[in-house]
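One-letter residues, chain by chain:
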Amino acid sequence: MTLLVIAYLGGVLTIFSPCILPILPFVFARAGQPFARSTLPMLAGMAATFALVATLAAVGGSWAVHANEYGRIAALVLLGLFGVSLLSTRIATRLTQPVVNFANRLLSASGGGIATPTVASSLVLGIATGLLWAPCAGPILGLVLTGAALQGANIETTFLLLAYAAGAATSLAAALSVGGKLFARMKKSLGVSEKVRQALGAAVLAGVIAIASGVDTGLLARFSYASTASFEQAVLDKLKTGPGAVSATDDASLEVASAGPFKSDLPIEGNAPSLDGAVEWLNTAPLSDEQLRGKVVLVDFWTYSCINCIRTIPYVRAWAEKYKDKGLVVIGVHAPEFAFEKNIDNVRKAVGDFQIGYPVAIDNDYTIWRAFQNNYWPAHYLIDASGKVRYTHFGEGNYRQTEKAIQDLLHEAGDQAADATPATPVANGAEVGADLQHLRSGETYVGYKQASNFVSPGGLKPDISQEYAAGDPGLNEWGLSGRWTVGAEAASLDAADGGVTYRFNARDLHLVLGPGEDGRPVRFQVLVDGKEPGPSHGTDTDAQGNGTITSTKLYQLVRQAGDVEARTFDIRFLDPGAKAYAFTFG
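Note that the structure is a prediction, hence the values are computed from the model and not measured.

About the criteria used
Residues numbered from 1 in each chain as written. Predicted model: local features only at pLDDT ≥ 70, side-chain atom pairs only at ≥ 80, totals over all residues. Heavy atoms only, no water. Helix = DSSP H or I, 4+ residues; strand = E, 2+ residues; numbered from the N terminus. Buried < 20%, exposed > 50% of the residue type's maximum accessible area, 1.4 Å probe, protein only. Contact = heavy atoms within 4.5 Å. Areas by Shrake-Rupley, 256 points an atom, 1.4 Å probe, with all protein chains shown as cover. pLDDT = per-residue confidence, 0-100. Phe/Tyr/Trp six-rings, centres within 6.5 Å; stacked < 30°, edge-to-face > 60°. Salt bridge = Lys/Arg side-chain N within 4 Å of Asp/Glu carboxyl O. Core = buried A, V, L, I, M, F, W, Y, C linked by side-chain atoms within 4.5 Å. Polar contact = N/O pair within 3.5 Å; in protein donor to acceptor, adjacent residues only side chain to side chain. Expected span 1.5 Å × (residues − 1). Bend = angle between axes of the 7 residues up to and from the residue. Pairing = 2+ DSSP bridges. Axes fitted to C-alpha atoms, helices over the stretch in contact; angles between N-to-C directions. Parallel < 35°, antiparallel > 145°, perpendicular 65-115°, else oblique. Left-handed = near helix turned anticlockwise from the far one by under 90°. Nonpolar A, V, L, I, M, F, W, Y, C, P; charged D, E, K, R; others polar. Patch = residues over 30% accessible without salt bridge, like charges linked within 9 Å, V, L, I, M, F, W, Y side chains within 5 Å.

## Here's the deal with the overall build of the protein
Looking only at helices and strands, the protein features 16 helices and 18 strands. The 586 residues of the protein split such that 52% are buried. Long-range pairs, those at least 24 residues apart, make up 76% of the contacts in the protein with a sequence separation of at least 6. When the accessible area of the protein is evaluated, it comes to approximately 24800 Å², of which 58% is carbon and sulfur surface.

## Topic: unusual backbone geometry
Excluding glycine, most residues fall at negative phi; most peptide bonds, likewise, are trans. The amide bond that connects Trp377 to the next residue, Pro378, takes the cis arrangement and shows omega of -15°. Within the element layout of this structure, Pro378 appears in the loop between α15 (367-371) and β6 (379-383).

## Here we look at the confidence of the model for the protein
Overall, the prediction assigns the protein a mean pLDDT of 80, with 69% of residues at 70 or greater. This stretch, residues 218-227, has a pLDDT under 50; its non-local contacts, to residues over four places away or in other chains, come to 30 contacts. Note on residues 241-260: pLDDT under 50 across the span, and 44 contacts to partners over four residues away in sequence or across chains.

## Looking at the packing of aromatic side chains
Counted according to the given criterion, the structure contains 24 aromatic pairs. Each ring, one from Tyr304 and one from Phe340, has its centre 5.9 Å from the other, and the planes form 70°; the classification is edge-to-face. Of this pair, Tyr304 sits in the loop between β3 (296-302) and α13 (307-323) while Phe340 sits in the loop between β4 (328-334) and α14 (344-353), placing them 36 residues apart in sequence. Across the pair, exposure class does not vary: Tyr304 and Phe340 are buried alike. Here the aromatic rings of Trp369 and Trp377 are separated by 4.8 Å at their centres, their planes lie at 45°, and the arrangement is tilted. In terms of burial, Trp369 and Trp377 fall into one category: buried. Every member of this aromatic cluster is reached through a ring pair, and the members are Phe301, Tyr366, Trp369, Phe372, Tyr376, Trp377, Tyr381 and Phe394.

## Points about the pattern of salt bridges
Scanning the model with the defined rule gives 20 salt bridges in all. With a shortest N-O distance of 3.4 Å, Arg483 and Glu467 are connected by a salt bridge. On the criterion of sequence distance, the pair formed by Arg483 in strand β10 (residues 478-486) and Glu467 in strand β9 (residues 465-468) is long-range, its members being 16 residues apart. Here Arg520 makes a salt bridge to Asp518, at a shortest N to O gap of 3.6 Å.

## Considering the nonpolar core
One finds Val299, Phe301, Trp302, Trp319, Leu328 and Ile331 to be the most contacted residues of the largest nonpolar core, which totals 68 residues. For this core, the element with the most residues is α13, which contributes nine residues. With near-sequence residues (within four places) excluded, Val299 lies in contact with Leu275, Ile331, Val333, Phe372, Ala379, His380, Tyr381 and Ile383. Counting 34 residues, the second-largest nonpolar core is a separate cluster that includes Leu460, Ala491, Val522 and Phe569.

## Quick look at the environment of Asp508
Mapped onto the elements, Asp508 comes out in strand β13 (residues 508-514). When the C-alpha atoms of Asp508 and Ala430 are compared, they prove to be 8.2 Å apart, with 78 residues separating the residues in sequence. With residues near it in sequence (within four places) discarded, Asp508 still touches Gln556, Val558, Arg559, Thr584, Phe585 and Gly586. In this structure the side chain of Asp508 is engaged in a polar contact, spanning 2.8 Å, whose partner is the side chain of Arg559.

## Regarding α13
Over its 17 residues, α13 extends 25 Å from the first C-alpha to the last, a length consistent with the 24 Å expected when each residue adds 1.5 Å. Of all the bends in α13, the greatest, near 35°, is centred on Ile313, and the proline Pro314 appears no more than four residues after it. Among the 17 residues that make up α13, 13 are buried, leaving the element largely enclosed by the rest of the structure.

## Description of helix α16 (residues 399-412)
Along an α-helix, a turn takes 3.6 residues, which lines up residues three or four apart on a common side. The terminal C-alpha atoms of α16, which comprises 14 residues, lie 20 Å apart, in line with the 20 Å expected from a rise of 1.5 Å per residue. Summarising burial for α16: ten of the 14 residues are buried, a large majority. Along α16, the residues classified as buried are Tyr399, Thr402, Glu403, Ala405, Ile406, Gln407, Asp408, Leu409, Leu410 and Glu412. In this structure, the buried side of α16 is in contact with β3, α13, β4, β6 and β7 (388-394).

## What about the sheet that holds β7?
One open sheet holds the seven strands; their spatial order is β1-β7-β6-β3-β4-β5-β2, and the pairing between them is mixed. Unpaired on one side and paired on the other, β1 (270-271) and β2 (280-282) mark the two borders of the sheet. Pairing of β4 with strand β5 (residues 360-362), which is carried by three bridges, proceeds in the parallel orientation. By the bridge assignment for β5, Gly332 is matched with Val360.

## Section: the pairing of β3
Where burial is concerned, most of β3 is hidden: seven out of the seven residues are buried. The two faces of β3 match: Val296, Leu298, Asp300 and Trp302 on one face and Val297, Val299 and Phe301 on the other face are all buried. Of the pairings in the sheet, the one linking β3 to β4 comprises seven bridges and is parallel in character. Paired with Asp300 across the strands is Gly332, a residue of β4.

## Here's the deal with the packing of α13 against α16
Helix-helix packing is described using two parameters, namely the angle between the two axes and the distance between the axes. Packing of α13 against α16 brings their axes to within 12 Å, and their N-to-C directions diverge by 20°. Relative to α16, α13 is oriented roughly parallel. In this structure, α13 meets α16 at a crossing whose hand is right-handed. Every residue of α16 that contacts α13 at Arg311, Thr312, Tyr315, Trp319, Lys322 and Tyr323 is listed here: Tyr399, Thr402, Glu403, Ile406, Gln407 and Leu410. Partitioning the contact of α13 with α16 into residue classes produces six nonpolar, three polar and three charged.

## Brief notes about the environment of Asp497
Tracing the backbone through its elements, the reader meets Asp497 in the loop between β11 (491-493) and β12 (499-505). Placed 78 residues apart in sequence, Asp497 and Asp575 show a C-alpha to C-alpha distance of 6.8 Å. Residues in contact with Asp497, not counting those within four places in the same chain, are Arg572, Phe573 and Leu574. Here Arg572 takes part through its side chain, which lies 2.8 Å from a polar atom of the side chain of Asp497.

## Quick word on a nonpolar patch on the surface
A grouping of Leu4, Ile155, Phe159 and Leu162 is seen on the molecular surface, where their side chains present a nonpolar patch of about 360 Å² in accessible area. Among the elements that make up the nonpolar patch, the one with the highest residue count is helix α8 (residues 155-190) (three residues). Within the fold, Ile155 resides in helix α8. Classification of Ile155 by relative accessible area gives exposed; the value is 60%.

Take a look at the structure:
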């Protein structure tokens, strides 16, 4: 229930996101008409279609990709005709009547009577809008999509996406109510109803053009990361979803541990789930719940190619070192996002590269993940000496609050000499925190299962070897060049001299890369705005932009040394076999 509430609130907040702008003309085209016969069926059609399409996308098959492409084309054509019809009453009658008649036949198939043209046309408009709506993935939608990626298409995923869409529909209904009254006053006082209708028609056509050109997922996305993210994170922090998430009326939420002379004011959130189920443990023999009783335990869910996880590692590493003799046990639970992260040798190498000395449980089957009802990378669960969850935090940040919670629980467990000064993390390369002030680009997947903003001419072709040209990407758009086979998770280079181009705005650019199936190293060169990066090279490239893929991991390829501006990134692979998974930025 808590997740449904969070998803709904996330949808409500989309009204403040720039990515909602292109569909507003479709919605406001029904302003001033009866709610039950016009607004309600339109918003219901939009919410149901978005939930259905997003659920099918979780299946990840190429058929879903093709079906969605065709559906979007049909919706763009339909809404384009709708916009033209608003410009001329005579054209409207000719263009919309066949659509209305078809919808009427669908709605009356059960024998319940012929639907009115207003209901039918509004429902069709809503379905078309649902096919085109591409909300910017803030923290809450990211939570829902992460669950979908892990669990696939199921009823829970559908309900969460439907709740998200319903929240957006609620916001739009409220905005439409205000807009309807405004339009009514304009028509009455100014006598310009025909002009208003024509203006709406022009706005609808502008929305169609914006979506067809990718403005909703490109240019507008640039401004979306700072628009609702802080509000959504506040919602998640307020209604956190952990193993013992409790309601305001649950007496457990008011409990405080009584062990020791010091009592922390951290509430008890529930009993700590079991850590049984790891397929292997690194840096230790398997740890049981009995062995951990009497210790304060920090459980850190992570995966080694996740940039957000990488940036939290210096803090977790510092806490483990500083408080290991005070009674703290840090356990990293490695739950993979990509298939290559299930390779234990890859994880073992990453643990060495990150200098992680604390125990790591390999949760390839997501047994521990599900026991904690977790939904995030990274996620921190702090367990007291009696085995109760006392503190949770999801994502980056809140480091001082998390360390204060560690200190309080150690003090509560009997450490009278708990040091209140914070630990000093040592961060290098990709571990350095993001430059949020200049961050205008977000995570972008290359595999077709979650790919977006792809602009190579001809579009992305799933699971077949295809020759691509990079095209001319706008901000937050990307393209391939050379011969590639794009799979569900990654694109594989079939011949040497292929590349990837991305237009980004961030201090750091990272790309998760891997060698081919034979494991042979792949040489590459990076260019920034067509030039060698010089002092703006990343930790995995030199000043000339040269680097080598030796294992599957996150590579830092660019760190802008001067003013952070929008740049065009190019990477050219000198050998075949490279696999590209996802871009991240900092």
